[in-house]
Amino acid sequence: MIEVKDISKHYGRKVVLDGVDLQFPIGKITSLIGSNGAGKSTLLSIVSRLLAQDGGVVMVDGKNVTDYKNKVLAQRLSILKQSNHVRLKLTVRELVSFGRFPYSQDKLTDEDNEKVDRAIHFLDLEDIKDAYIDELSGGQKQRAYMAMVVAQDTDYVLLDEPLNNLDMKHSVQTMKTLRRLADEWKKTIIIVLHDINFASHYSDYIVALKDGKVKYCDTTDNIINEKVLEDVFDIKISVTEFNSKKVCNYFM
Amino acid sequence: MKGIKKNFLITVLLLLAAVTLYLFYNMGSNWEFALRLRGVKVAAIIVVSCCVAYSSVAFQTLTNNRILTPSIMGFESVYLLIQTLIVFMYGDLTFQVLSGWGNFLLSVLGMIGFAFLLYILIYKKGKDNLYLLLLVGIILGTLFNSLSSFMQLLIDPSDYFIVQGKMFATFNKINRDLLWPSAGVLVILLVVGFRTTKYLDVLALGRDQAINLGLNYNRAVQLFLVIIAILVSVSTALVGPITFLGLLVTNLTYELFKTHRHDVIIAACCLVTAVTLLSGQFVMERLFHLSIPVSAIINLVGGLYFMFLLLRVRKL
Amino acid sequence: MRTLILTLVLLVCAVVSLFVGVADISMALISISRIPRTVALILAGVGMSISGVIMQQMTQNKFVAPTTAGTLEAAKMGLLIFLIFIPTAGAALKMLFAFLFTFIASLIFLAIVRKIRYRNVVFVPLVGLMFGGIIGSISTFFAVRMNIVQDTNAWMMGDFSGILQGRYELIYLSLPAIIITYLYANKFTVVGMGEDFSRNLGLNYRAIMNIGLFCVSLTVSAVVITAGAIPFLGLIVPNVVSLLFGDNLKKTLPLVALSGAIFLLLCDIVGRIVIYPYEVPIGVTVSIIGAIIFLILIIRKR
């Protein structure tokens, strides 16, 4: 399990995170929501050790992340950020193979190759596995990077706004993939989302951040509630039920 | 992969051809002497080529671009400052006061010391911004250049030629005693360097991905910065500055070898660099009998090629 | 208010600059050598720092200035080509060469910046310095061939000690450039936001861009021809002013101009005193003081 204890972070005098305490349930999708500047991405970066916190600890399976060897942690936890704009002559399969780097570095075993192929299959990339990534469309590239994370085969998968720059079809596709990862592969997924309806539809738990603090942390059903959402986002939001899923309308 | 192997083979053959041509073209009567003289130059060119190739490719991967070269970080300015200072102090006695060895060691230590100071300054301050490191290096370099030019104004014009000789890399007066120790350092570094190319492969994916894949990012970057500093220092102290050689050869290599694997790219780049230098040296020395140092030509060609690259590419 | 104080400081510096150093001061000396020198210093200081501001506005990058964009190197190249091919032609033609080269180099640099503007801020000056290095290496190639490396370095070293009546007047050419800049300052900011952005506001992007580059090139080449290269000035003065007084160009532009002149006068006075009766060229003093200030600025930032 990932536990976050009393995390704080500030840039200069500006406080971005202020005493955040959280536990992320295993095998579930937890969405981080909140307005711009609420600290969602910062929190995700700290949990995934891309950014150092100013106070507090992050525990993975009961052990402080700073006590892990980098390699071992990379076998437990993976992070996918936006802005993956490398211009390398790298095929999709080669990119996905990097997911096995924490295990075998550049000498892939049969097991590694099998996991790579499985990840490629899982994200339906077989047709383009030999294409260079700099020739792919945005949606394909996103899928290739997701496949790399899948090949990394970590218990915890963290994603920072994976739906940015994706059209509706690809957004839905991405979320469905994540859902399958959680349900079929028992992965624990933490994801920063902007679109409240995607959070409502696909996640099990929602953490709402506001001004660097955890405002709410509960099951999706309890968070998707007019009063709570209004408190988080400071706008009127109406929640209606549609096919037994809650839909938020904030065009009011 | 097949195309890469073919290109690799072609480059090896080209190198062999270039070496043969350079060694045996128009040898004259005293062939033993000529051969020994040319052999030293070829060896020096190969040493310098490997230094430049590894340091440039690694540097571009660390900084995530194809248009920078490590020498802009201030190394060459330090070298030039040291050389100018020596001539400024001792004038035409320079060669008597300081042996080739003394000067070589002083220059190498000066450059490596500068690089380490720079790294410590930036990393101790808790700023792991590589671009910042480079900018500070360049600014210090500009400062050193001003100091050098000031001293150069005061130097007697006849002594100035000693400094000017140091401003451009040349293979014509290689000190043989320095060549073998340099080659030794190079071999050790290349052994370390080639065992770690897989980390370069990962670093090329960017900082976040490198960390995600379990690399100790800062440690890895520092390791490569140290290797780069030593390689650039050795090569510069051995023959002098060739600022834009790295730029020219890395881009040529990436054009010819479309792969992300650094072991392939760096090995290929060593070959490409050696071919470039040898043919440049051959053309200048034998065909045109020009007195212009080969580095001036390479900088000219490299510079023009760089402009072409900058203007051709749609997005950097 | 601030403007007033700075103006007073400038006047004091100017007076000190007129009388510092030499013991027997005659009216003749003052009018032939001292007044031209002080005037040239003030114009160069104002011109170089204002050029820095325009370039920073047009590239939307605080680290861009004639030093970090290859502008000085281009002026050097222009001079060199002039001296190689038509060494006997007059000063006006020399000026024209330097101007054309700086103008073309600035055009190319802007084209490059447009391709990289969304990357790390520090990346732009890095590329600019590479660009300058390349122009420099091309000039060096010719300098070596003509065997005038030491001489070219001597011309380029910023130095006001050789300024005499009748040999510095070209620097007045920077005056109109400075005035135009003052009038157009806000438009340069808009242009810096991008082509589409400025079109949207009804500005003629190309025209304004060209006016900006024209002013910069004119100022830089005038200064380089009369006094040589003065590094860092266009970089630090605008940055320090923006740090202290903010970024409202209409308010800060006079401050930038005044501080630039004061800074240059001070550097000149220092250079004349430290190894009296000799002089340290201003290029060196500015380099040392400028590099230190700039390093403090970038290391303390963030």
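This part takes up the interface of chain A and chain B. Counting from both sides, the interface comprises 28 residues of chain A and, opposite them, 20 residues of chain B. The contact between chain A and chain B buries some 2200 Å² in all, and 58% of this surface belongs to carbon and sulfur atoms. Applying the counting rule to chain A against chain B returns 0 salt bridges. In this structure, the connection of chain A to chain B is made through 7 residue pairs in polar contact (both at pLDDT 80 or more). For the side of chain A that touches chain B, the elements supplying multiple residues, two or more each, are α2 (70–76), β6 (77–80), α3 (92–97), α4 (101–104) and α6 (138–152) of chain A. In terms of residues, the side of chain A that touches chain B owes the most to one element, β6 of chain A, which gives 4 residues. Taken together, the residues of the side of chain A that touches chain B sort by class into 15 nonpolar, 6 polar and 7 charged.

To continue, consider the sheet that holds strand β5 (residues 63–64) of chain A. Residue and element names in this part refer to chain A. Spatially, 4 strands are ordered β2-β1-β4-β5 in an open sheet, and the strand pairing comes out antiparallel. A single partner strand is all that each edge strand has here, and the edge strands are β2 (14–24) and β5. Note that strand β1 (residues 2–11) and strand β4 (residues 55–60) share 5 bridges and pair antiparallel. When the bridges of β4 are listed, Val 4 appears paired with Val 58. Sitting on the sheet, helix α1 (residues 40–47) touches β1, β2 and β4, and the angle it makes with β1 is about 120°.

Here the focus is the domain arrangement of chain A. Residues and elements named next belong to chain A. According to the domain assignment, chain A contains domain 1 (1–61 + 156–252) and domain 2 (78–154). Once you take the C-alpha centre of each, domain 1 and domain 2 turn out to be 25 Å apart. Domain 1 puts 24 residues into the contact, and the matching count from domain 2 is 17 residues. Of the roughly 1700 Å² buried where domain 1 meets domain 2, counting both sides, 62% is carbon and sulfur surface. If you sort the residues of domain 1 by the area they bury against domain 2, Asp 160, Thr 177 and Trp 185 come out on top, with a joint share of 27%. When the shortest N-O distance is used, the salt bridge between Lys 187 and Asp 153 registers 2.6 Å.

So, about the pattern of salt bridges. Residue and element names in this part refer to chain A. Applying the stated criterion across every chain yields a total of 24 salt bridges over all chains. For Arg 93, the salt bridge is made with Asp 117, and the minimal N-O distance between the two is 3.0 Å. You can see Arg 93 sitting in helix α3 and its partner Asp 117 sitting in helix α5 (residues 110–122), a full 24 residues away along the chain. The residue Lys 246 makes a salt bridge to Asp 221 at a minimum N-O spacing of 3.2 Å. Of this pair, Lys 246 sits in strand β12 (residues 245–249) while Asp 221 is found in helix α9 (residues 220–223), placing the two residues 25 residues apart along the sequence. Several salt bridges converge on common partners, so that one network encompasses Glu 111, Lys 115, Asp 153 and Lys 187.

All right, on to the interface of chain C and chain B then. With 44 residues of chain C at the contact, the number on the chain B side is 54 residues. Around 4400 Å² of area is buried between chain C and chain B when both sides are counted, 79% of it from carbon and sulfur atoms. In terms of surface lost to chain B, no three residues of chain C exceed Lys 115, Met 130 and Gln 150 of chain C, which account for 17% of the buried area on that side. The interface formed by chain C and chain B holds 0 salt bridges in total. Inspection of the region where chain C meets chain B yields 2 residue pairs in polar contact (both at pLDDT 80 or more). At 15 residues, helix α5 (residues 123–146) of chain C tops the list of elements feeding residues into the side of chain C that touches chain B. A breakdown of the residues in the side of chain C that touches chain B according to their chemical character gives 29 nonpolar, 9 polar and 6 charged.

Reading the values: the criteria
- Residues numbered from 1 in each chain as written.
- Chains lettered and ligands numbered in written order.
- Predicted model: local features only at pLDDT ≥ 70, side-chain atom pairs only at ≥ 80, totals over all residues.
- Heavy atoms only, no water.
- Contact = heavy atoms within 4.5 Å.
- Buried area = accessible area lost by both parts, 1.4 Å probe.
- Salt bridge = Lys/Arg side-chain N within 4 Å of Asp/Glu carboxyl O.
- Polar contact = N/O pair within 3.5 Å; in protein donor to acceptor, adjacent residues only side chain to side chain.
- Helix = DSSP H or I, 4+ residues; strand = E, 2+ residues; numbered from the N terminus.
- Nonpolar A, V, L, I, M, F, W, Y, C, P; charged D, E, K, R; others polar.
- Pairing = 2+ DSSP bridges.
- Axes fitted to C-alpha atoms, helices over the stretch in contact; angles between N-to-C directions.
- Domains from an automatic or database assignment.

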